[in-house]
Amino acid sequence: MVDDTGKAGHSLWGGRFSAKPADLMQAINVSIGFDKRLSSEDLAGSRAHAAMLAAAGIIPAADEAAIQGGLDTIDGEISAGTFPFRDAFEDIHMNVEARLSELIGPASGRLHTARSRNDQVALDFRLWVRAACDRTEAQLRGLQAALVEKADRHAGTLMPGFTHLQSAQPVTFGHHLMAYVEMFGRDASRFQDARARMNECPLGAAALAGTSFPIDRVATARALGFDRPTANSLDSVSARDYAQEALSAATICATHLSRLAEEIVLWTTSQFGFVKLSDAYTTGSSIMPQKRNADAAELVRAKASRILGSLVSLSGVMKGLPLAYGKDMQEDKVPTFEAFDALGLSLAAMTGMIDDLAAQEAAMAAAAGSGHATATDLADWLVRTLGMPFREAHHVAGSAVKRADELDCGLADLAIADLQRLEPRITMDIYAVLTPEASVASRDSYGGTAPVRVREQVSRWKDLLK
Ligand code: ARG
């Protein structure tokens with residue numbers, strides 16, 4: 001039956017061939033090296049397909065039983081690492097079928113009735129991407145939980161808020177961390193959206209046009225956890241937009257991770273000194289003994305680029321491809337596998353770092369009070385207390401900053417006489433708003449940095465993540 005010497009052409013499609021492929025043909029064509037990662041999806045698809053074929057009376061029940069038994073054996077061999085993956089059989093689909101033939105003989109030949117590798121790979125890959133989306137979503141929820149936990153502890157911990165990486169207004173560390181909880185929440189919902197759209201079963205599209213056999217596509221769709229079968233056979237074998245969409249979601253998520261990673265890199269420098277990572281998440285230098293590098297954060301930052309590269313790579317493969325299947329599409333897998341491997345590792349490392357990091361509250365608070373970060377509070381006080389138009393108040397506050405710079409002190413250190421020289425109606429009350437504590441407490445608008453608002457969001461997310 002099966003002959004991998006290729007003497008009479010390829011054993012699985014060699015009917016009209018009389019010579020085996022050139023070595024280079026095989027080298028460029030072979031995909032088993034990477035699509036072996038679709039093994040469990042391929043087996044699941046074959047099990048569902050065989051069961052449906054028997055139920056519909058397309059193949060004899062006894063052959064179906066033999067096929068299921070053979071697939072179980074193959075499953076066991078793959079788990080045990082003893083399955084013979086062979087380049088001669090090109091891809092996972094033909095490797096499984098060839099092995100099935102060795103195990104159960106002629107009955108194996110009935111499995112491919114009403115099926116093509118085109119709908120087979122479309123199914124396997126869709127199942128893989130769907131599982132990757134689910135895994136990623138679960139990891140995102142774990143990361144969010146770690147962030148919420150830290151934010152809860154630091155709902156009142158002062159730190160400088162930045163724009164342009166210049167000290168802008170004081171915020172709390174909890175508020176800053178909760179910003180990422182929002183981002184990762186949107187990322188998780190993007191994976192949910194992508195999953196819902198991709199959850200249609202392409203099996204039964206066969207090569208491209210459907211099949212003349214009386215198959216039951218609803219049954220296979222249901223058996224494989226899909227909402228329904230896909231509605232157009234050409235689209236079924238041509239579509240890879242679900243993978244593009246998952247990679248888009250992955251790219252956006254990786255972008256968010258890279259921003260947090262960059263902040264961890266900055267915060268752990270001795271210049272910032274806002275957080276410390278333990279030895280578990282730090283590496284040393286082989287030459288500079290003082291070094292403690294946040295390598296994991298740097299790598300998360302860099303992996304975002306590779307994940308974006310995967311999206312660009314797959315989009316490039318798909319661009320301009322005529323319907324229906326083209327072998328180009330075999331190149332969908334490596335970038336997608338790589339991207340989700342990198343994303344999975346990044347999410348795990350980031351969750352580990354968030355759990356691990358220790359906020360250096362004194363350094364953060366000192367920085368929160370520097371850089372005249374309460375200048376806006378001074379202006380707001382003039383507006384609120386004296387009824388001054390904001391533009392005018394901004395001008396007065398700017399003059400106060402200038403005076404403080406001349407005297408090399410902070411705004412809160414200016415004498416009342418200095419302030420009154422700029423605006424005679426200023427009273428001692430103003431000092432109450434010039435501390436970072438007062439500043440953050442006052443920003444209690446919905447979604448603001450006031451500790452009460454941060455705690456409100458922490459408890460909302462704790463409920464959502466339950
Ligand atoms: N290894 C192929 C892929 O990954 C499977 C489909 C091959 N189909 C075909 N008609 N040659 O896309």
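Placed above this text is the structure.
Residues numbered from 1 in each chain as written. Predicted model: local features only at pLDDT ≥ 70, side-chain atom pairs only at ≥ 80, totals over all residues. Heavy atoms only, no water.

A.B. asks: Honestly, the site of the ligand in this entry has me stumped. Any pointers?
C.D. replies: Taken together, S31, D35, D91, H93, R117, N118, V121, Y325, Q330 and K333 make up the full set of residues adjacent to the ligand. Contact distances for the ligand include 3.5 Å between a nitrogen atom and a side-chain N or O atom of S31. The separation between an oxygen atom of the ligand and a polar side-chain atom of Y325 is 2.4 Å. Protein contacts shield 86% of the accessible area of the ligand, which totals 340 Å² for the unbound molecule. Considering every element that reaches the shell around the ligand, the biggest residue donor is helix α6 (residues 117–153), with three residues. The residue inventory of the shell around the ligand, partitioned by class, reads two nonpolar, four polar and four charged. (Near = heavy atom within 4 Å. Polar contact = N/O pair within 3.5 Å; in protein donor to acceptor, adjacent residues only side chain to side chain. Areas by Shrake-Rupley, 256 points an atom, 1.4 Å probe, with all protein chains shown as cover. Helix = DSSP H or I, 4+ residues; strand = E, 2+ residues; numbered from the N terminus. Nonpolar A, V, L, I, M, F, W, Y, C, P; charged D, E, K, R; others polar.)

A.B. asks: Is there a simple way to think about the packing of helix α14 (residues 375–386) against helix α15 (residues 390–407) in this case?
C.D. replies: The axes of two packed helices give the description: the angle between them and the distance between them. Interhelical geometry of α14 versus α15 gives an angle of 135 degrees and a closest axis separation of 8 Å. Classed by the angle they form, the pair α14 and α15 counts as oblique. Like other packed secondary-structure pairs, α14 and α15 cross with a definite hand, here right-handed. On α15, the residues touching A375, L378, A379, D380, L382 and V383 of α14 are F390, A393, H394, V396, A397, A400 and V401. Along the lines of polarity and charge, the residues of the contact of α14 with α15 split into 11 nonpolar, one polar and one charged. (Axes fitted to C-alpha atoms, helices over the stretch in contact; angles between N-to-C directions. Parallel < 35°, antiparallel > 145°, perpendicular 65-115°, else oblique. Left-handed = near helix turned anticlockwise from the far one by under 90°. Contact = heavy atoms within 4.5 Å.)

A.B. asks: What am I meant to see in the nonpolar core here?
C.D. replies: Note that soluble globular proteins tend to have their nonpolar side chains buried in a common cluster. Judged by nonpolar contacts, the single largest core of 89 residues is most densely connected at I264, L343 and M350. The biggest single contributor to this core is helix α10 (residues 241–267), with 14 residues. Apart from the residues within four sequence positions on either side, M350 is in contact with L143, L257, L260, A261, I264 and V300. By size, the runner-up hydrophobic cluster in this structure holds 22 residues, among which are L378, V396, A400 and L419. (Core = buried A, V, L, I, M, F, W, Y, C linked by side-chain atoms within 4.5 Å. Buried < 20%, exposed > 50% of the residue type's maximum accessible area, 1.4 Å probe, protein only.)

A.B. asks: Teacher, can you tell me more about the environment of R186 here?
C.D. replies: Mapping R186 onto the fold places it in helix α7 (residues 173–198). For R186, a relative accessible area of 43% puts it in the partly exposed group. The spacing of R186 and C253 is 67 residues in sequence and 8.8 Å in space, taken between C-alpha atoms.

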